[in-house]
Amino acid sequence: MKTLLNHCFLLVGFTGTTISARRAHMDGICLVNTKRRLTLRPCVEVDHSSKRVRSRCVKFESLPKDIVSRIISQLTLKEAVVMSSTSTKLRRAWIYHPNLYLDTSIVFGSSDRHKRVPSTETFIDTVNFILRTHSGLGVNKLAVMFELRKEHAHDIDGWVSFAVTSKARVVTLNFSPYHGSHDRSYNFPCHLFNGKSGSHLQVLQLDTVTLGPSPPGFCGFANLTMLTLENVLVLRDLQFLVKCPALEWLTIRMCSQLHNLYAPELLPRLTFLCVQDCAIDKIDVHAPNLTTFKYRGCLKVIIALRECLKLKTASIVSPIEDNLYYIFTELPNELPHVERLHVNVFVKTQIPGFTQAPHKFINLRHLTMRITYEIAKRFGRNTVLQLAYFLEAAPFLVDLHLNMLCLDFYESRPARDVIMNRPHYSLKRACITGFNGNGEQVALVKFILKNAVKLEEMDIDPKGRITNQMMGEHKGRRMIKEKLVPKDKNGLLVIL
């Protein structure tokens, strides 16, 4: 046993680090690290008959096993190994640790990759030793974070098999920061979760692996609630989602080969969906309980979430040139039930031929737009003023926040007939940051002041929130005093 423990210390890179005070002080118990034995600070007893206070020492080893296990579970794996050296009765305590988080800090004693070049062979040997020595009982989480590829599949398959047999609820395989060809990425073994073996898995997080087609007879993950895929090569559309009936949280990032997110059957419990930096051109899921949707991408995407009646919060980040046209014309039809919308856009042109919004956000109440305008000769004079269409497209909008980075400093006014004045009876609060005083911004503020009949406050901040630069702040404040303050008949303007 002594040789086994010494080998474990050597592999985890123990350098005499003591247990952190934050983890050592739990529930009023102070652990004292001696050479041979771990004891507790004297406990206080009160003798009510004589009203005297006396103390007694309690040995840590005398605590019930369930309490010891609870204390061990609050430590990291490395701290649990350190604690095992303090008593002969605790030398095997670490092998029941529920959370196996295996990264460079376990193998090399530091998570700083620049201090020491990691050895793949040493890392694999260490993980194999830890899992071989571990009891396999009460495992909650198995997480492996290291740069591994398909040539290490034999060992990784063994680790996944350990997670299956130990009934781990959380499995994380993060083989980044490798960003080379997916031809070398590890192929996740779905076949190991056939039958009831996948019923215990609740959280699956994959980074820099390959996810192939589901094998014949694959029963899915009956209790999987969270799935995260990052830089994963999906060889076939995620059809196995239909075999995850308990899925609540789905995040997909940087999956460049995934072109279609389609779930032909009902996802009854899905509440959160995030798709970022993928090649997806259509998102079509039937999730009646979806409440939050986030999208970020450089491609035009069709969002088919009309049947998601509970979808209340959405975020759209899209640097497409004509993205404003998409947001005004198509997004209200794709997200008709959204109440809170965040939009991050990059504008190069203006929307041509608008007289009124073709579709409306009937349920939209809160809108935040982060807008970057680029200097371009093809700009029309209505590039900023076109944002006034949101008052037309969202008749029940209450809060409007516009965060601008506008590099055009021209004071030319937009065409007068670009948009019709029409009363808006819901808007109460508006805020514009990055106001540098160009003619279109001035026209936009005047339009809101004139048409928002129930407006209670309008904040204008000449400082930009998108960048740290105070571009046009002095000019913005001057234009506010000259052009806007005289138009503020009800004292609604607040200059930040």
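Structure report, in brief. Note that the structure is a prediction, hence the values are computed from the model and not measured. Position labels on residues start from 1 in each chain and follow its written sequence. Only residues with pLDDT of at least 70 get local features here, since the model is predicted, and only at 80 or more are side-chain atom pairs given and counted; chain-wide, interface and lining totals rely on the full set of residues. Only hydrogens and water are removed before side-chain values are computed, so all heavy atoms of the structure are retained for them.

1. What to know about the side chain of Ser166
As a reminder of what qualifies: Think of it this way: any DSSP run of H or I at least four residues long counts as a helix, any run of E at least two long counts as a strand, and we number them from the N terminus. The rule is simple: take the accessible area with a 1.4 Å probe, protein chains only, and divide by the maximum for that residue type; under 20% is buried, over 50% is exposed, in between is partly exposed. Distance and chemistry together define a polar contact, namely a pair of N or O atoms within 3.5 Å, with one atom able to donate a hydrogen and the other to accept it when in protein, and with adjacent residues in sequence counting only for side-chain atoms on both sides. Residue contacts follow a heavy-atom distance rule, with two residues in contact if any of their heavy atoms lie within 4.5 Å.
Within the fold, Ser166 resides in the loop between helix H7 (153-165) and strand S7 (170-174). The class for Ser166 is buried, based on a relative accessible area of 7%. A polar contact of 2.6 Å, which involves the side chain of Ser166, links it to the backbone oxygen of Phe162. If sequence neighbours within four positions are ignored, Ser166 has contacts with Gly136 and Val139.

2. Describing the nonpolar core
The criterion, for reference: Residue types Ala, Val, Leu, Ile, Met, Phe, Trp, Tyr and Cys, when buried and joined through side-chain atoms within 4.5 Å, form a set referred to as a nonpolar core.
Counting residues in hydrophobic clusters, the biggest one holds 122 residues, and the most contacted among them are Leu238, Leu261, Met369 and Leu444. Ranked by residue count, the leading element in this core is helix H11 (residues 439-451), at seven residues. Excluding residues that lie within four positions of it along the chain, Met369 makes contacts with Leu324, Val343, Val345, Leu387, Phe390, His401, Leu402 and Asn403.

3. Thoughts on the pattern of salt bridges
Convention followed: In the sections that follow, a salt bridge refers to a side-chain nitrogen of Lys or Arg positioned within 4 Å of a carboxyl oxygen of Asp or Glu.
Under the counting rule described, the total for this entry stands at seven salt bridges. Ionic pairing is found between Arg296 and Asp277, a salt bridge with its closest N-O pair at 2.5 Å. With Arg296 in strand S17 (residues 292-296) and Asp277 in the loop between strand S15 (272-276) and strand S16 (282-285), this residue pair connects regions lying 19 residues apart in the sequence. A relative accessible area of 35% means that Asp277 is categorised as partly exposed. Ionic contacts of the salt-bridge type, sharing partners, join the residues Lys360, Glu392 and Arg422 into one network.

4. Observations regarding the pairing of strand S20 (residues 340-347)
In regular strands, side chains alternate between the two faces of the sheet. In plain terms, the rule: Two strands make a pair as long as DSSP finds a minimum of two bridges between them.
Residues of S20 alternate between two faces, with Leu341, Val343, Val345 and Val347 buried on one and Arg340, His342, Asn344 and Phe346 left unburied on the opposite face. Sheet topology places strand S19 (residues 313-318) next to S20; six bridges connect them, and they run parallel. The residue of S20 that forms the bridge with Ile316 is Val343. Summarising the sheet, S20 and strand S21 (residues 366-373) pair through eight bridges and their orientation is parallel. Paired with Val347 across the two strands is Tyr373, which belongs to S21.

5. Details of the packing of aromatic side chains
Put simply, the test is: Two rings belonging to Phe, Tyr or Trp (six-membered ring only in the last case) form a pair when the distance between their centres is within 6.5 Å. Interplanar angles under 30 degrees mark stacking, angles over 60 mark edge-to-face geometry, and anything in between is tilted.
Under the definition given, this model contains nine aromatic pairs. Seen from their ring centres, Phe188 and Phe193 are 5.8 Å apart, and the 20° between their planes marks the pair as stacked. Like Phe188, the residue Phe193 is buried in the burial classification. Here a set of aromatic residues connected by ring pairs shows up, and it is made of Phe188, Phe193, Phe218 and Phe221.

6. Quick word on the sheet that holds strand S14 (residues 260-263)
In plain terms, the rule: For helices, the fitted axis covers only the stretch in contact; all axes are lines through C-alpha atoms, and the angles between them, taken along N-to-C directions, range from 0 to 180 degrees.
The strand order across the open sheet formed by three strands is S14-S16-S18, and the pairing between neighbours is parallel. Pairing within the sheet leaves two strands with one partner each, and these edge strands are S14 and strand S18 (302-304). Between one strand axis and the next, the sheet turns by 10° as a mean value, whatever way the strands run. As paired elements, S14 and S16 share four bridges and run parallel to each other.

7. Examining the environment of Val160
Structurally, Val160 is set in helix H7. What makes Val160 buried here is its relative accessible area of 1%. Placed 13 residues apart in sequence, Val160 and Leu173 show a C-alpha to C-alpha distance of 9.2 Å.

8. A word on the sheet that holds strand S12 (residues 233-234)
An order of S8-S10-S12 is seen for the three strands of this open sheet, with the pairing classed as parallel. At either end of the open sheet lies a strand with only one pairing partner, and these are strand S8 (186-187) and S12. Sheet topology places S8 next to strand S10 (residues 209-211); two bridges connect them, and they run parallel. Bridging from a neighbouring strand, Asn187 pairs with Thr210 of S10.

9. Describing H7
Here is the rule: What a helix is expected to span follows from its residue count: subtract one and scale by 1.5 Å.
The end-to-end C-alpha distance of H7, which contains 13 residues, comes to 18 Å, matching closely the 18 Å that a straight helix rising 1.5 Å per residue would cover. Turning to H7, its buried residues number three or more, namely Ile156, Trp159, Val160, Phe162, Ala163 and Val164. Looking at the buried side of H7, the elements it contacts are strand S5 (99-102), helix H6 (120-133), strand S6 (141-145), S7 and S8. Looking at the residues trailing H7, positive phi occurs at Lys167, about 60°.

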